[in-house]
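Letter by letter, the chains look like this.
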Amino acid sequence: MTSAIRRSPLVATAPYPPEFAELYRGAGYWTDETFAQFLPARTERFGDRVAVIGADARGEQQRLTYRDLDESAARIATGLLELGITAGDRVVLQLPNIVEYVEVLCAVFRIGALPVFALPAHRSAEIGFFCRFSDAAAYVVAAENGGFDYRGLARDVVADLERPPHVIVAGDAAEFTPLAELRAHEPAPAADLDSGAVAFLQLSGGTTGTPKLIPRTHADYLYSVRESARICGVDADTRMLVVLPAAHNFPMSSPGILGVLHSGGTVVLAPDPSPDTAFALIESEKVTMTSLVPPLAMAWLAARPRSDRDLSSLQVMQVGGAKFPAEAAKRVHPELGCIVQQVFGMAEGLVNYTRLDDDEDTIVTTQGRPISVHDEIRVLDDDDRPVAPGETGHLLTRGPYTIRGYYAAPEHNSTAFTPDGFYRTGDIVRVTDTGYIVVEGRAKDQINRGGEKVAAEEVENHLVAHPAVLDVAVVSMPDQYLGERTCAFVVTEGEPPKALALKTFLRERGLAAYKIPDKVQFVDAFPVTGVGKISRVELRRALAATLRD
Ligand code: AMP
Ligand code: DBH
């Protein structure tokens, strides 16, 4: 076992200014509740109700009541403390949609440690970065999932780190610490924490060379969770199917797993996102609600005529993460029999919902309106001047649950936020006369692959490490199914390598599969303007335009 290492404390960058903290507390938005006490408090109210249904790491089907979940979390909490992991330490969580995800999440919260939310798709490049950058004390994985062995990934990650984290494994742990061992303890009490403190680090889809981590506080996130649950009609009778990766901000908090647990409802974890699996679970567990990205919603629409499953319990299908075209949104109610709710959100904060009782036109053609009257929305032109009402421009926002800065990224923060604390979302929007937001495009250098975000610069940095590559620009290309896919324009030294060789190169560098370019296009040189020099931003735009023609 790794010896206990004292981890550096988390330096909370860019906290909310005191006058705003006072405003949000005064309005009752921010309370004293923390994620350490969240589950114990719900267990007092909802003890015998079923909290989570799903498979465990060994593929056994589990149904945990609130009391079961709280008991597991409390025992695992002691196990974590015994390993030397304490309040404020960072714990990289990389678990698929299994019940252990919710147990470990609640255990980490209970001791006041900070989850860092990795996705199952991440590989050594991302996980190594999260561990190093957050100085993680622990890294939690499932032994194996979807044909991939996460213990092998853990070996690669640990071998590369100066201060390796404890590796904790759900399922067969090999040489690492089994999660089962952590459970074999007496329950730990819930930590007493300040609700204004950072509760976890969430991931941003990012636009920069390295991923950005998002510090969210107990008070700000719980406010968004409570209000989301209210807006989306979540209550103790809600049975939510979690199809998207559970650690993603959307299925976690909009209103997601946390919104359901807040309300005493039941979370049903889908082991895979296929319509067959989802339809079977909707029928057998009488699911009332789910959240999807547009390509999955399209797949459900396409699969419905072939399925005789009873989906009549499903009341609400939320769709977000990328723009859901109106033509598709229109089909949901007639073909699936449920209300569609558009969700335009970001892990940095701001979340917009169409309301369940909005008229059809609003639901189908807009991406919703903000959670809070204190969500401040600015739509600005390229020179940071407000556009005329209803005109299209850059969306900036500030509010009671939107961060004021990324974790430990002062330089990036100086451009990603205005001096008065507005977050530059990079989204191009217009606001309707009823205050609803319509997403019209994007200014940031990101590819949105059906809800999976890829930062152009991150992929470019990996590609230029190839010895034959002189220069590279990664851009989006339109795609019927995903909305967008990734294309890398590459200038090489001498004879270009095979596209496949470049993709293999990226995979071997440990980049998540969804970031590997869908297409590699070799060019002799990049287009230049009359001045002979163009910025990378313009270059990406020029190249993307050639794919659209
Ligand atoms: P992230 O900052 O990585 O959490 O990703 C949030 C981004 O996803 C937003 O800034 C948008 O670019 C995009 N996004 C999320 N939901 C929607 C939606 N419903 N329509 C269009 N874009 C969306
Ligand atoms: O795409 C997102 O990041 C997102 C979408 C919908 C999100 O973070 C959210 C809702 O909370």
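All of these numbers come straight from a predicted model, not from anything done at the bench.

Quick notes on the rules
Residues numbered from 1 in each chain as written. Chains lettered and ligands numbered in written order. Predicted model: local features only at pLDDT ≥ 70, side-chain atom pairs only at ≥ 80, totals over all residues. Heavy atoms only, no water. Salt bridge = Lys/Arg side-chain N within 4 Å of Asp/Glu carboxyl O. Helix = DSSP H or I, 4+ residues; strand = E, 2+ residues; numbered from the N terminus. Buried < 20%, exposed > 50% of the residue type's maximum accessible area, 1.4 Å probe, protein only. Phe/Tyr/Trp six-rings, centres within 6.5 Å; stacked < 30°, edge-to-face > 60°. Lys NZ or Arg CZ within 6 Å of the ring centre and 35° of its normal. Pairing = 2+ DSSP bridges. Near = heavy atom within 4 Å. Polar contact = N/O pair within 3.5 Å; in protein donor to acceptor, adjacent residues only side chain to side chain. Areas by Shrake-Rupley, 256 points an atom, 1.4 Å probe, with all protein chains shown as cover.

A. Local environment of the pattern of salt bridges. By the definition in use, this model includes 32 salt bridges. Among the salt bridges present, the one from Glu285 reaches Arg63, with a minimum N-O distance of 3.2 Å. Separated by 222 residues along the polypeptide, Glu285 in helix H11 (residues 275-285) and Arg63 in strand E2 (residues 61-65) bring together distant segments of the chain. We classify Glu285 as buried; its relative accessible area is 10%. Judged by its relative accessible area of 48%, Arg63 is partly exposed. In this structure, Asp135 and Arg163 form a salt bridge, with 3.0 Å as the shortest nitrogen-oxygen distance. In this pair, Asp135 sits in the loop between helix H5 (124-134) and strand E5 (138-142) while Arg163 sits in the loop between helix H6 (150-159) and strand E8 (166-170), placing the two residues 28 residues apart along the sequence. A network of salt bridges, in which partner residues are shared, links Arg449, Glu452, Asp479, Arg485 and Asp518.

B. Highlighting the packing of aromatic side chains. Tallied over the full model, the rule gives 22 aromatic pairs. Here the aromatic rings of Phe20 and Tyr24 are separated by 6.2 Å at their centres, their planes lie at 45°, and the arrangement is tilted. On the criterion of helical spacing, the pair formed by Phe20 and Tyr24 is a turn pair, its members being four residues apart in helix H1 (residues 18-26). One exposure class covers both Phe20 and Tyr24, and it is buried. Aromatic pair Tyr24 and Trp30: ring centres 5.3 Å apart, planes at 55°, arrangement tilted. Taken together, the ring pairs in this structure connect Phe35, Phe38, Phe109, Phe117, Phe200 and Tyr221 into an aromatic cluster. Here the guanidinium or amino end of Arg378 rests over the ring plane of Phe422, the centre of that ring lying 3.8 Å away. Over the ring of Phe20 we find Arg404; its NZ or CZ atom is 4.4 Å from the centre of that ring.

C. Fine view of the pairing of E8. Most of E8 is tucked away, with five of its five residues classed as buried. Going residue by residue along E8, you find His166, Ile168 and Ala170 tucked away on one face and Val167 and Val169 tucked away on the opposite face as well. With two bridges connecting them, E8 and strand E9 (residues 177-178) associate as parallel partners. From the neighbouring strand, Ile168 faces E9, where its bridge partner is Thr177.

D. Layout of the site of ligand 1. As a structural note, the neighbourhood of ligand 1 is formed by 18 residues, with Gly205, Val343, Ala347, Glu348 and Asp427 the closest of them. Between an oxygen atom of ligand 1 and a side-chain N or O atom of Glu348, the distance comes to 2.7 Å. Lys444 places a polar side-chain atom, nitrogen or oxygen, 2.9 Å from an oxygen atom of ligand 1. A total of 500 Å² of accessible area belongs to ligand 1 in isolation, and the protein chains cover 94% of it. Take the shell around ligand 1: its biggest share by element is four residues, from strand E16 (residues 339-346).

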